[in-house]
Amino acid sequence: MSTLAVRNLTVAYGRVNALEDVSFDVPQGKLVTLIGANGAGKSTLLKALMGSLPIHSGSIALDGTAIGHAPVVERVRRGMSLIPEKRALFGSMRVEDNLLLGAYTRRRRTDLARELARIYTLFPILQARRGQLAGTLSGGEQQMVAIGRALIARPKILLLDEPSIGLAPKIVQQIMEVVVALRREEGLTVILVEQNARLALRNADLAYLIELGRIVKSGSSQAMADDPDLLRSYLGSARRNECESSAVQGRAA
Ligand SMILES: Nc1ncnc2c1ncn2[C@@H]1O[C@H](COP(=O)(O)OP(=O)(O)OP(=O)(O)O)[C@@H](O)[C@H]1O
Ligand SMILES: [Mg+2]
């Protein structure tokens, strides 16, 4: 069964459609990437999936249950977690308190220490910075806190909005390695939104290309990476924000 099934989704800001007739599937345990240029509708799509933006028409099903009109908290309870573009940390709270905020929907509170330890194993730098105010962290560290806060709720499906934005290639690589490992070792399902198509295709199983609010192309990451149109428009060698490092290896099998 597919974890997430989206059918004929339309989302509008006022009278302007930001997404039109969007349909796609995210199979259980796969890393799916949504790529597209600035303003294509990628963040809009993630917000609609998470429920922070209402849908105009169409449907969203998570594990066979219609959730297209469910409140955010209900989707969180069902295992969905979004790491937004702007990370949305509480800058004047300590790193560890930011992480613990992610656990508020968990019923059992006994294993929080173990959950924190797990996050610190994934991102050791956060353990060293656990008492520091989140607002004083570097951009990469803040992204790690945002991911850690999402993971502490033990999501089944993680929605990641441009985790690479503004970060050095080395940090991007470290973050992608964690995401790929979680997918491989724990069967986490991931939707990765990226403008950096090369980075996304190197790590994903499946890819969808969004242009002007519509899905215009889809396929395996390998097929998409070899697509001549895509190569010309999105994988050109002169792209800004490019992470050429080949060290993010091992497209999830
Ligand atoms: N709150 C809003 N009100 C009106 N229009 C909006 C709003 N948010 C986004 N839009 C518009 O919807 C379109 C899609 O925006 P969205 O943020 O989803 O793009 P994106 O693909 O995430 O782009 P980027 O790569 O720059 O983050 C854009 O034309 C944008 O201007
Ligand atoms: Mg965006």
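A brief look at the structure comes next.

Reading guide: rules and limits
Along each chain, the written sequence defines residue order, and numbers are assigned to residues from 1. Labels follow written order: the first chain is A, the first ligand is 1, and so on. Per-residue local features are limited, in this predicted model, to residues with pLDDT of at least 70; the limit for side-chain atom pairs, both in listing and counting, is 80 or more; totals at the level of whole chains, interfaces and linings are taken over all residues. Think of the side-chain values as coming from all heavy atoms in the structure, minus any hydrogens and water. Partly exposed describes any residue whose relative accessible area lies between the buried limit of under 20% and the exposed limit of over 50%, with all areas from a 1.4 Å probe on protein chains only and scaled to the type maximum. A run of H or I in DSSP counts as a helix once it spans at least four residues, and a run of E counts as a strand once it spans at least two, with each numbered from the N terminus. Strand pairing is assigned whenever DSSP detects at least two bridges linking the two strands. As a rule, the C-alpha atoms of each element are fitted with a line to give its axis, helices using only the stretch in contact, and angles between N-to-C directions run from 0 to 180 degrees. A donor here means an N, O or S atom no more than 2.8 Å from the metal, or no more than 3.2 Å when the metal is Na, K or Ca. Since water is not included, a site may seem to lack partners. The term salt bridge refers to a pairing of a side-chain nitrogen on Lys or Arg with a carboxyl oxygen on Asp or Glu at a separation within 4 Å.

Now for the pairing of strand 8 (residues 189–194). Summarising burial for strand 8: six of the six residues are buried, a large majority. Of the two faces of strand 8, the one holding Thr189, Ile191 and Val193 and the one holding Val190, Leu192 and Glu194 are both buried throughout. With five bridges connecting them, strand 7 (residues 157–161) and strand 8 associate as parallel partners. The residue bridging Leu159 from the neighbouring strand is Ile191, located in strand 8.

Relative to the helices and strands, Asn38 resides in the loop between strand 3 (31–35) and helix 1 (42–50). Residue Asn38 is classed as exposed on the basis of its relative accessible area of 59%. C-alpha of Asn38 to C-alpha of Glu211: the two residues are 173 residues apart in sequence and 9.3 Å apart in space.

Right, let's get into the sheet that holds strand 7. As summarised here, the arrangement of the six strands in space is 6-7-8-3-9-10, forming an open sheet in which the pairing is mixed. Looking at strand neighbours, the two that pair on one side only are strand 6 (80–83) and strand 10 (214–220), the edges of this open sheet. On average, adjacent strands in this sheet sit at an angle of 15° to one another, irrespective of strand direction. Inspection of the sheet shows strand 3 paired to strand 9 (residues 206–211) by four bridges, in the parallel sense. Considered in strand 9, the bridge of Leu34 is made with Tyr208.

Our next topic: the coordination of the magnesium ion (ligand 2). Surrounding the magnesium ion (ligand 2) are the protein donor atoms Ser43 (OG) and Glu85 (OE), which sit 2.0 to 2.5 Å from the metal. With Ser43 in helix 1 and Glu85 in the loop between strand 6 and helix 3 (95–101), this pair connects stretches of sequence that are 42 residues apart. Since its relative accessible area comes to 15%, Ser43 is described here as buried. Judged by its relative accessible area of 32%, Glu85 is partly exposed.

What follows covers the pattern of salt bridges. A side chain with one charge may pair with a side chain of the opposite charge, provided their charged atoms come close. Using the criterion set out here, one finds 18 salt bridges in the structure. Among the salt bridges present, the one from Lys42 reaches Glu162, with a minimum N-O distance of 4.0 Å. Of this pair, Lys42 sits in helix 1 while Glu162 sits in the loop between strand 7 and helix 7 (169–186), placing them 120 residues apart in sequence. Judged by its relative accessible area of 5%, Lys42 falls in the buried class. Measuring nitrogen to oxygen at the nearest pair gives 3.1 Å for the salt bridge that ties Asp63 to Lys156. Here Asp63 is found in the loop between strand 4 (57–62) and strand 5 (65–66), whereas its partner Lys156 is found in the loop between helix 6 (139–151) and strand 7, with 93 residues between them in sequence.

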